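For reference, the chains in residue letters:
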Amino acid sequence: MASRPWLSLVLLSAAAAAFGDTSGFDAARLRTGTFTYRDAVDGKPGNLSTSTIARLPDGTYRFTADIPAFDQSWETTATGSMGPLATTLKMRTREGRRYVMTLKYAGSK
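Predicted, not measured: the structure shown is a model, and the values here were computed from it. (Residues numbered from 1 in each chain as written. Predicted model: local features only at pLDDT ≥ 70, side-chain atom pairs only at ≥ 80, totals over all residues. Heavy atoms only, no water.)

A. Spatial organisation of the nonpolar core. Grouped together as the largest cluster of nonpolar side chains are 10 residues: A27, I53, Y61, F63, A65, W74, A78, M82, L89 and M91. With 3 residues, the single largest contributor to this core is strand 3 (residues 61-67). (Core = buried A, V, L, I, M, F, W, Y, C linked by side-chain atoms within 4.5 Å. Buried < 20%, exposed > 50% of the residue type's maximum accessible area, 1.4 Å probe, protein only. Helix = DSSP H or I, 4+ residues; strand = E, 2+ residues; numbered from the N terminus.)

Following this line, the structure appears as C-alpha cells:
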C-alpha cells in the first residue's frame, strides 16, 4: 500500500496539539502498555496497528505507533506533564525511499 504523507502530518499535528497546554496534566494517570488497533476502510475491517505508552526510568514518557499498512512509525518522548521533548517520524515515500523526520523541542520551541 502506498504511504500517505497526510497521515503523518495528522499524527504529528495531533501530538503537538496534545502538548499545547500541559498545565495540570499528570501522565502518571495514563495506562501504560501496548495497544493494538484495527482500522476500517469503507466499513470493512482493515489492518492492525500498535501504539505503546511507557514510563521511562527518568520519569519521562515514550509514546510510539507502528502503522505497517502505511509503512509508518513514530516515537515521541515527553515530560510527565506532557511537555514535548522529541518526536521522530519514519515512513517510506511513494518512490520507496525511507524518510525520517526528527523534531527536538526546547521549552515551547
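Next comes the rest of the write-up.
B. Here's a closer look at the sheet that holds strand 2 (residues 44-55). Spatially, 6 strands are ordered 1-2-3-4-5-6 in an open sheet, and the strand pairing comes out antiparallel. In this open sheet, the two strands that pair with only one neighbour each are strand 1 (33-41) and strand 6 (98-104). Going from strand to strand, the sheet's axes swing by 15° on average, the running direction of each strand aside. Pairing analysis gives 8 bridges linking strand 1 to strand 2, with the strands arranged antiparallel. When the sheet's bridge partners are listed, T34 is paired in strand 2 with T52. (Pairing = 2+ DSSP bridges. Axes fitted to C-alpha atoms, helices over the stretch in contact; angles between N-to-C directions.)

C. Examining unusual backbone geometry more closely. One non-glycine residue with positive phi stands out, namely D71, at about 50°. For D71, the location among the structural elements is in the loop between strand 3 and strand 4 (72-78). For D71, a relative accessible area of 30% gives the class partly exposed. At M82, a position not held by glycine, the phi torsion is positive, near 70°. With respect to the helices, strands and loops of the structure, M82 is situated in the loop between strand 4 and strand 5 (84-92). According to the relative accessible area criterion, M82 is buried, its value standing at 9%.

By themselves these figures say nothing about function.
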